[in-house]
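Spelled out from the first residue to the last, the chains are:
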Amino acid sequence: MKLLKPFLTAGLTLSLLQFSAGQDEPEKPREKTDVEIKRDKLNEAFSNLPEEKRTAYLKGRQEAQRLFSKKRTFETLMTIYEIEEIFPNDPAVLNLIGAVHVEFRDFDYARLIFDRAVELAGEDPKILFNVAEIEFCSNNWETCIQKFDYLIKKIDNPDSDFVNIMELKRLLCFLALANENKDNAQKRAEYLNKAKEIAKLHDYMDDTPFSYYANASLAYFEEDKILASEWVMRGKKVFGPANTLSWDDTLVEFGYIESHYGLHFSKANRDEPAAP
């Protein structure tokens, strides 16, 4: 999956933990969170390394992230193996290893890696996002919804696109559940109504592509591919293609837009693959 701004990737995001080759920032007067305490502990261990090793490590980690963004996954792992000899158990690197194994569709191993990253970093939202994302990619819709619900409540900025992407994924989970219950009219209607309620969180006046992609998702669900494509194109026209890549990737992951890894939903639950 791509590393994309504003939060690095639509599916799998890198840790918020940051190391510095120089001195740490001064302590804040307020009581520190668990994430901050664990971050400071890691930074202290990192600062004990010789400067040349710190510099080499940060350079190598940046290169690993660059390679991953280019989908050069095996080269990413080789670079990681090299820098782990300098400083092992960096949650940001573990997060990246987990992302690589999601690319390999090895979800069980990726879960183990992300769990280890959470142990070291605390409940870093970027890592928790990846944990939920595995459930999304695995079609574990109910579990995915629960994990995103938990994470959204922990985010200080509820209007960020980081949260909005999660809301779109929740909407898609409810559509998937509605589709799985197509022989149960009551259940299907309940799940569909929940998806429609989420779609109302934003409209076209808000500074987010959410409403365009939410409406596109509802149109895809109703198999109105022309209307769905129109919504996507409107979103791209308003926000620019570079700013909607993360949103496109979400529909690809779900299978509404074809991809080498995004057909699992469309083939399993629709009569024919969805067209862009």
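Residues numbered from 1 in each chain as written. Predicted model: local features only at pLDDT ≥ 70, side-chain atom pairs only at ≥ 80, totals over all residues. Heavy atoms only, no water.

1. Examining the packing of helix α2 (residues 51-69) against helix α4 (residues 91-103)
Between α2 and α4, the least distance of the axes is 11 Å, while the angle of their chain directions is 20 degrees. Relative to α4, the element α2 lies roughly parallel. Regarding α2 and α4, the two cross each other, and that crossing is left-handed. Residue-level inspection shows Tyr57, Arg61, Ala64, Gln65 and Phe68 of α2 in contact with α4, the latter providing Ala92, Val93, Leu96, Ala99, Val100 and Glu103. Residues of the contact of α2 with α4, tallied by class, amount to eight nonpolar, one polar and two charged. (Axes fitted to C-alpha atoms, helices over the stretch in contact; angles between N-to-C directions. Helix = DSSP H or I, 4+ residues; strand = E, 2+ residues; numbered from the N terminus. Parallel < 35°, antiparallel > 145°, perpendicular 65-115°, else oblique. Left-handed = near helix turned anticlockwise from the far one by under 90°. Contact = heavy atoms within 4.5 Å. Nonpolar A, V, L, I, M, F, W, Y, C, P; charged D, E, K, R; others polar.)

2. Observations concerning the nonpolar core
Counting 48 residues, the largest nonpolar core has Met166, Leu171, Leu172, Leu175, Leu251 and Tyr256 as the members making the most contacts within it. Listed by contribution, the elements that provide at least two residues to this core are α6 (125-137), α7 (141-154), α8 (161-180), α9 (185-199), α10 (210-221), α11 (225-239) and α12 (245-254). In terms of residue count, the dominant contributor to this core is α8 (13 residues). What Leu172 contacts, discounting residues up to four positions off in sequence, is Phe136, Ser217, Thr250, Leu251, Phe254 and Tyr256. Membership of the second largest hydrophobic core comes to 20 residues, among which are Leu77, Phe87, Leu96 and Leu120. (Core = buried A, V, L, I, M, F, W, Y, C linked by side-chain atoms within 4.5 Å. Buried < 20%, exposed > 50% of the residue type's maximum accessible area, 1.4 Å probe, protein only.)

3. Focus on α7
The terminal C-alpha atoms of α7, which comprises 14 residues, lie 20 Å apart, in line with the 20 Å expected from a rise of 1.5 Å per residue. Buried residues of α7: Trp141, Cys144, Ile145, Phe148, Leu151 and Ile152, and no others. Buried residues along α7 cover an arc of 135 degrees about the axis, so they all sit on one side. Exposed and facing more than 90 degrees away from the buried side of α7 are Gln146 and Lys153. (Expected span 1.5 Å × (residues − 1). Arc of directions from axis to C-beta.)

4. Let's talk about the side chain of Asn164
By secondary structure assignment, the location of Asn164 is in helix α8. According to the relative accessible area criterion, Asn164 is buried, its value standing at 2%. Residues within four places of Asn164 in sequence aside, it is in contact with Pro158, Asp159, His202, Thr208, Phe210 and Trp247.

5. Things to note about the pattern of salt bridges
Tallied over the full model, the rule gives 18 salt bridges. Linked by salt bridges that have partners in common, Lys32, Arg39 and Asp40 make up one network. (Salt bridge = Lys/Arg side-chain N within 4 Å of Asp/Glu carboxyl O.)

6. Things to note about the environment of Leu192
Here Leu192 lies in helix α9. Residues Leu192 and Leu175, spaced 17 residues apart in sequence, show a C-alpha to C-alpha distance of 5.9 Å.

7. What to know about the packing of α6 against α7
Look at α6 against α7: their axes get within 8 Å of each other, and the N-to-C directions meet at 165 degrees. By the angle between their directions, the pair α6 and α7 is classed as roughly antiparallel. Read as a crossing pair, α6 and α7 show a hand that is left-handed. Only Trp141, Thr143, Cys144, Lys147, Phe148, Tyr150, Leu151 and Lys154 of α7 make contact with α6, whose side of the interface consists of Pro125, Leu128, Phe129, Val131, Ala132, Glu133, Glu135 and Phe136. Its residues placed into classes, the contact of α6 with α7 shows eleven nonpolar, one polar and four charged.

8. Things to note about the packing of aromatic side chains
Under the criterion given, the structure shown has 15 aromatic pairs. Here Phe136 and Trp141 contribute two aromatic rings whose centre-to-centre distance is 5.9 Å and whose plane-to-plane angle is 80 degrees, an arrangement assigned as edge-to-face. Across this residue pair, the class does not change: Phe136 and Trp141 are buried. An aromatic cluster is built from Phe136, Trp141, Tyr220, Phe254 and Tyr256, whose rings are joined through pairwise contacts. Geometry around Phe162 places Lys126 over its ring, the cationic atom sitting 4.0 Å from the centre. Lying across the ring of Phe136, Lys169 places its NZ or CZ 4.3 Å from the centre. (Phe/Tyr/Trp six-rings, centres within 6.5 Å; stacked < 30°, edge-to-face > 60°. Lys NZ or Arg CZ within 6 Å of the ring centre and 35° of its normal.)

9. Digging into the state of the cysteines
All told, the structure shown has zero disulfides when counted by the stated rule. You can see Cys144 has no disulfide; the closest cysteine sulfur is in Cys173, sitting 3.7 Å from it. Using a relative accessible area of 0% as the deciding quantity, one classes Cys173 as buried. (Disulfide = S-S within 2.5 Å.)

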